[in-house]
Every structure is written in structure tokens, then in C-alpha cells.
Amino acid sequence: MSGTQARIVIIGGGAIGCAIAYHLARAGERDVMVLEKAQLTHGSTWHAAGLVGQLRSKKNLTRLMQNSVAVYDRLETESGQAIDWKKAGSLRIAASAERLAEIRRSLTQAKGFGFEAHEISPAEAQERFPWMTLDGVVGAAWIPSDGYVDPYALTQAYAKVARAGGITIREGILVTGFEFDKRRVTGVVTDHGTIACDIVVNAAGIWAKRIGEMAGVALAAGAVEHQYVVTEKKVDVTDATPTFRDPDRIFYLKPDVQSFAIGGWERGAPDCWRAGVPFEFGRELFPENYDRLEQFLLPAAERLPILQEVGLQTIINGPIPVSADGEPVMGLAPERDNFYVACGFTAGIAASGGAGQAMANWILEGDPGMDLWPFDVRRFSTHQANRRYLGERSSEAYGDYYSIHWPGAELASARGGRLSPIHHLLKDNGAIHGSKAGWERPLWFDTGAVKASETPSFERRPGWFDAVGEEHRAVRERVALIDQTSFSKFEVEGSGALAALQRIAANDLNRPDGACIYTQLCNESGGVEADLTIMRLSAERFLIVTGSQFGTRDSGWIRRHLPGDGSVVMRDMTSAFAVINLTGPKARAVLQAVSNDDVSNAAFPYLAVRAIEIGLARVLAARVGYVGELGWELYIPAEQAVHVYRTLREAGAEHGIADVGYRAIESLRLEKGYVYWSAEVTPDVNPIEAGLGFCVAFGKGDFIGRDALANIKAEGPARRLVTLTVKDYAPLIGGEAVLSGERVVGTTTSAGFGYTVGKTIAFAYVPAGIARETDFAVEAYGKRYEATRGPRAAYDAKSERLKG
């Protein structure tokens, strides 16, 4: 193949790789080559079970799965090849009150999405699936448009349409490396020669991590052993028999030819080949593991007595892709300018049609067509691609697949890899830590002042509710310290830094040195790609601060839009500085007691940045925060963080200083009306509709998204972000349906309890025509909660406390 070239090279001939080729062909792309090291479907696709479920926790993720079903509905006609697509519906039963609450939450989300899904009684579930017993069953969910498909036939149908569209598929070609020109891949090196290319797509399934490493791309995508069985052909199934899931007994079931295919999501399933999946592995399986089989087969036999009469014909134990959080990994890799990834698909058959479409859009249009942040490759830090971290997390994510997904629940594996310098001090003070981007972060503090526990709940107050309330009040009434070391921090410097960032940011950065600017970074459509803070330290030197999990994404967006001549450089400063937020009405008194610098309002106003001394340390202090009170974010050289923390604690003792965690931050920011990227603002949302028009500096000159935002402002947005309040406590966390009368008009983006205002607060987008109405309702767990639309900030709407 020496001398061969293709504009787009797809690595991997499984369901995902072939689905991408299929959609590229439908879009008219011809100069595409799919490389498969063995034969199509080898790896994981050939032994996949083939269930197709659509309802997910986010609207766009559900849309992606719906797009898959739309493909399956037409593919047999389009390809002329049978794929055995059975749109027979799906049943998910609940055998506990907690599981039913989880199902009801998902059904409420479905209502907000406009997706058809129903709660049915145990008896109605048994009518649809007569083999089940009713022991312990308290309810069920029925989704009529779900189904199942033959993975092998599906993949071959994708390939047939792709070939007919002019796309080349080559089997028996092993990728061994890449050729580069700076940040671009220019050639794919194989055992049959080098293929020159413009774009590479890594859809290599369980081998994706190895392919990524060849390209210098860190992927948090691994593989875990998965088992299922096929019974003897003695079961009277029909084309109308639905798929069946009993998550309390950790098993799923797909009707097969006069048989059942039954698999499970058991704990302790081993991750595979931490050093990398061997390229020699192909259409192979592992030996059966009967101890693990018993974990789901014995409970399945209790639910399905027929299994005590029908034997097992086949046992499948093979590797399947699983990422560090159990979700797919998609998009443009941040390390390269033309290297796309589509891997980590645990439910790759169900997702393939929609994922292929999204990837084709990403490749051809630069955008997947919808916000897919929960699947985005940039959600992971490089730490999370560490092989041990990935192995432990992927195994836990696999075992949690059918666990009850409690609000606020944390994963337990691969912990302790990234620690703040004051982690041990906070732990001694009762910190209950969670994990974000590999960082240990304090969620709340168990000080013993109130009875509290790390006990989540759906409809009742969680075990930490009162403890978080104490922390909330400390911020509002006294003074508090918040460890925010996990912030992602980047320095941008060089001749032309201001001009470059002015084009990237929507707000005006041409402020005096020592100014802090809150801004959005928008795409050409005006959507918000990032929501962050930029500090101008000197004429051509800036410090950019964003959320813990957004560092890879936001830095990649900025770097991609900086000049390519090296005149402006970007450095990751995350590990260099600890960050402590000193906040509350007594914050100035505490800070002045430990610093000889003047921190009065006149000398150090809101949104100012100054270098000051605290005790024996010199820190960068920014008068900004996310909780709506007087305060400073202190950027401290890592080696001085312990000293600064102890100094502030000692000075604050007389003022009742307290440690505060991230759960209190959430409550505080909801009261203040502050948005969170990936909830209120996303690439699908513009600053105008989000109420952030004050951050868009139309008068400064051109910037990315300016024309689109100018049109939106002139025409008026179609929807607006509103703040809703519900009396007292309501079990809202975001994702609930919002109603005007009986009509669904939106979905909550974030929600929680505001301890100062004594109400539950929810943000939601509603049509602009009704955004000024006051009477709404929010539905959660099948119950209706009357809600009132009020001012954007339920607390300190004029920001007098913040700026005082």
C-alpha cells in the first residue's frame, strides 16, 4: 500500500468505525479509508448482545440514541441486508422502593425531553413478559421504541452502504504508528505501508488506548471482561417479545431465536491488559468464570423460573470497551489538530447509529450537531488516562452499571492521586472528600456540630443536608475557607497575547493591569464553549482560571485559537498554585489581620487582582468568588499553602471561621443566580438567553461569535433562563420537567436548596414569550411542585454584599 492516501482514515472496523463510514458516505464523502487489522466486527462487536436502549440522563444523549433507532428503522431497506432489528420495546422492573424512585426520576426526565416512556404496574409488566415472577416487584418502566439488533449484521450493513458510497474498507491492515507535522498527523503507518491523510479517526474499540498512545493522545478508555449466556432453544419468544432488565438482580435479557441471551453487570469484573490489548487478539474469548456468572444467573433464575428448566447452550466471556466513567469517549483529541476519537462504547451497538452521525458531523462541520459534553474526550484529565487509574475506575464503572445511581454518589476506586497541599489538614477537620478530574475535593465537613452522614436519597433530605446548611450559614453570616486548589489555571503570555485573547473572549479584556474579567468563550454560532475568569496581570500576561473538570477542554479551545507563530505561549499552572477562597462578611477583617497590605474596599475593590503578603507568604489575591459574598480567591505557591491556611484559621477563630465544601458552594451559587458550564451554559446556549449579555462587549471589535450574538440580540432570544423557587424543601437536582399549566415548557438545568432564602431553587430555560410569567410547576418522581418565577438572584440581587 506504499504511496496510498485518503483524506479521512478510520482505524477500526467494528460497529462504531463502520457507522462513521456509513454516515460519511451519506454525506457525500468518498475519499475515506477504513482500516481493520483483522476482519470487520473482530474485537468486541462480534460477541455483543445487541440491546438498544435510548433513555439517558441528558436530553442530547437520549437524542443520540434516538438517532440510532432512526438509522435501524431504515437500514435494511437502504442496504438491502437484514439486520434483525426488532423494535419490540423494553421493560425495566423495580424490585425496591429506591429503584422505583430512580425509574420515576428517569421518566420525569423523559417527559421533559418529549420522549415516550411510561410507568406501568407489575401486572402490566408481566403481561408483556410472562416469564417473570412478581416477587418483590413494585413497578416498571416501559419504553415502546427500544429493541434489539444483530451486531454482526448491523456492522456489515453499515459497511455495505459505505462501500456503495465509494468508501474503501481494507481488512488485514495493522496500524503500527503515525507520521506528524507539529500538531497534525500526516500519515498512518501500517504493516502494508504508509497512508497519507488529512484526518484520522480512532475507532479502534478495545485497542483505542494503544492507538492513541502512538499518536501522543492520552485516552481514559480501557477494557473489562463481560459475560453473558444463551439458553437452549426451548423458549417460545416472538418478534413482539421485549428486552427485559432487572437491575436489582443485575441482569439483562434479550430474546433470541427460541432462547434468551442473559448477561449481567457484576462487581469485580477484571479489567483487561493494563499494558495494552495485544494486537494479536481478534475473534477470541476468555475462559468462562462461573463464580462471576453465579452473581447474576442465580438472581435471574429467581426472577425467571423457566431458567430452572432450560439449560445453557453458550457462555460468552469477552472484552468490552469501558471508559474511566463508563461513558463513551468522542471528539477531537486535544493533543492533535486532526485526530478524532470514538471509543469506550460499553453500549456501542445501541449508540452506533447516532454516534456515527455525530462523529461525521464533528469531522465535516467541526461540531457534532449537539452538545455531547458527557461523552467528550476533553472531560478527562491526563491523570485519568493513567493505566492503574483507568483499570480500577473502568472495573468499578462496569460494576455500577445497574447500581442505583443516587444523587451526589461518588466512585470509590482510584482515589488519592491528586491532593491539595492542605488535604491532610482538611481531613483532620472532618472533610468528606469527593473526586473531580482525579482531585480529592472536600464535599462537606463532619464536624460533629449536627448529626450528618454521607447518605444519599432521592425524595428525602440527604444525610449531609444539615451539615451543609451549617457551612452555608458560615459563609453568609461569618467567614469561611474553601479549598479550591483543583481549579484549572493557565498562563497566557507573549507579544500579541491581548489581541489573541480579545478575539477569543466575548468580554473586553483591555482593562488596567490587575483587573479580573468574567467572560464566556463562544463559538461562531454564539454558543458558550467556556465560562471562566481571566486576570490581566500585566500588559501581555494573563492568568486564566476555570473549573477542575474543564481544564483540558478550555485550554484546548484557547490554544487552538492562539497564533501559530509562537509569539503567544500558554502554560499549565494548575499544580503550581493552591487556591483558598476566603469569603464571608468577616473576610476583610480576617485578611487585614494577617496582611500589612491595605485590603479596604477603596484600595482593593471588587474584581481587582493584587499581590499581597499573608503571614510569611506572598500570594496573588483576586477579589472574586462563586458564592455571592465579600471574599478573595488566594493563589498561593503550593509550598506555602499550609502556612497560609493555618494563618487564616488562627486569625479567623474569633470570627467563627469554618471550613466549607463544594456542596455548600452549589447551594450558595444557586441563591446568587450564578450559572455553571455544562448545566446552564453549553455550546448549545448563548450568553444572551442565559442572561449574560453584560459579558458580551460588542463595542470592542471582532471576536468569535460576535455576528451571531449581534443577530440574536437584535431579534431577541427564543428562550430565556429563569429562576424558579419552590416553598420549603423539594427533591430537585436538575433534569426535572418544567410545566406551564399542564404543558411541558422546559427542563431544569440545576436545582437545590437555598438555606438563606429557605426555598428550593431551580434554573430552567423556558420560551421567551412566557419567561415573565410567574406561575410554573416542576415535576419530580411523578409529583407536581408549584413554583414561582422570581428575580435571577434569589439572594442579594443588587450584589451589595459582594461589592461592599
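It should be emphasised that the depicted structure is a prediction, and the values quoted were computed from it without experimental measurement.

Peer 1: It is not clear to me how the overall build of the protein should be interpreted in this structure. Could you clarify?
Peer 2: Scanning the protein for helices and strands turns up 18 helices and 37 strands. Taken over C-alpha atoms, the radius of gyration comes to 27 Å for the protein, in line with the 28 Å a tight globule of 804 residues would show. Principal-axis analysis of the C-alpha atoms gives the protein an extent of 80 × 65 × 50 Å. Split into buried and exposed, the 804 residues of the protein put 61% on the buried side. When contacts within the protein are restricted to residue pairs at least 6 apart in sequence, those whose partners lie at least 24 apart make up 73%. Here the protein displays about 29,500 Å² of accessible surface, and carbon together with sulfur accounts for 47% of that area. Here the protein contributes 87 positively and 97 negatively charged side chains, and the mean placements of these two sets differ by 4 Å.

Peer 1: Looking at this structure, I do not really get the packing of aromatic side chains. What am I missing?
Peer 2: To describe a pair of aromatic rings, one takes the distance between the centres and the angle between the planes. Tallied over the full model, the rule gives 30 aromatic pairs. For the ring pair Trp273 and Phe286, a centre distance of 5.4 Å and an interplane angle of 50 degrees mean the geometry is tilted. Taken together, the positions of Trp273 in the loop between strand S15 (259-264) and helix H7 (290-303) and Phe286 in the loop between S15 and H7 put the pair 13 residues apart, joining distant regions of the chain. A connected cluster of aromatic rings, assembled from ring pairs, spans Phe129, Trp131, Phe244, Phe251 and Phe260. The ring of Trp207 is capped by Lys37, whose NZ or CZ atom sits 4.2 Å from the centre of that ring. The side chain of Arg128 reaches across the aromatic face of Trp142, ending 4.6 Å from its centre.

Peer 1: Quick question: what am I supposed to make of helix H5 (residues 151-164) here?
Peer 2: Between its first and last C-alpha atoms H5 spans 20 Å; for 14 residues at 1.5 Å apiece the expected length is 20 Å, and the two agree. For H5, the tally of buried residues reaches 10 of 14 residues, placing the bulk of the element in the interior. Pro151, Ala153, Leu154, Thr155, Gln156, Ala157, Tyr158, Ala159, Val161 and Ala162 are the residues of H5 that are buried. On its buried side, H5 packs onto helix H1 (15-26), helix H2 (59-79), strand S8 (168-171) and helix H8 (348-365). Capping the start of H5 is the job of one residue whose side-chain oxygen sits 3.0 Å from the backbone nitrogen of Tyr152: Asp150. Positive backbone phi, at 100 degrees, marks Gly166, one or two positions downstream of H5.

Peer 1: Help me understand the sheet that holds strand S16 (residues 312-323) in this model?
Peer 2: Strands pair in a sheet through their backbones, by hydrogen bonds, and they do so in one of two ways: parallel or antiparallel. Overall, mixed pairing links the 8 strands, which are arranged S5-S6-S4-S13-S14-S15-S12-S16 in an open sheet. Each having just a single partner strand, strand S5 (118-120) and S16 make up the two edges of the open sheet. Each strand axis lies, on average, 25 degrees off the axis of its neighbour in the sheet, ignoring direction. Across the sheet, H7 touches strand S4 (90-94), strand S12 (221-231), strand S13 (243-246), strand S14 (251-256), S15 and S16, and the angle it forms with S12 is around 50 degrees.

Peer 1: I would appreciate a short explanation of the sheet that holds strand S37 (residues 783-790) in the present structure.
Peer 2: Spatial strand order, S32-S35-S34-S33-S36-S37: 6 strands in a closed barrel with antiparallel pairing. Within the sheet, the average angular offset between the axes of one strand and its neighbour, ignoring direction, is 40 degrees. Packing of helix H3 (residues 97-113) onto the sheet brings it into contact with strand S33 (737-740), strand S34 (743-754) and strand S36 (775-780), and relative to S34 it is tilted by some 130 degrees. Packed on one face of the sheet, helix H16 (residues 662-672) meets S34 and strand S35 (759-767) and runs near 125 degrees to S34.

Criteria and thresholds
Residues numbered from 1 in each chain as written. Predicted model: local features only at pLDDT ≥ 70, side-chain atom pairs only at ≥ 80, totals over all residues. Heavy atoms only, no water. Helix = DSSP H or I, 4+ residues; strand = E, 2+ residues; numbered from the N terminus. Rg over C-alpha atoms; globule rule 2.2 N^0.38 Å. Buried < 20%, exposed > 50% of the residue type's maximum accessible area, 1.4 Å probe, protein only. Contact = heavy atoms within 4.5 Å. Areas by Shrake-Rupley, 256 points an atom, 1.4 Å probe, with all protein chains shown as cover. Lys, Arg positive; Asp, Glu negative; His and termini not counted. Charge placed at Lys NZ, Arg CZ, Asp CG, Glu CD. Phe/Tyr/Trp six-rings, centres within 6.5 Å; stacked < 30°, edge-to-face > 60°. Lys NZ or Arg CZ within 6 Å of the ring centre and 35° of its normal. Expected span 1.5 Å × (residues − 1). Polar contact = N/O pair within 3.5 Å; in protein donor to acceptor, adjacent residues only side chain to side chain. Pairing = 2+ DSSP bridges. Axes fitted to C-alpha atoms, helices over the stretch in contact; angles between N-to-C directions.

Shape descriptors only; they carry no functional weight alone.
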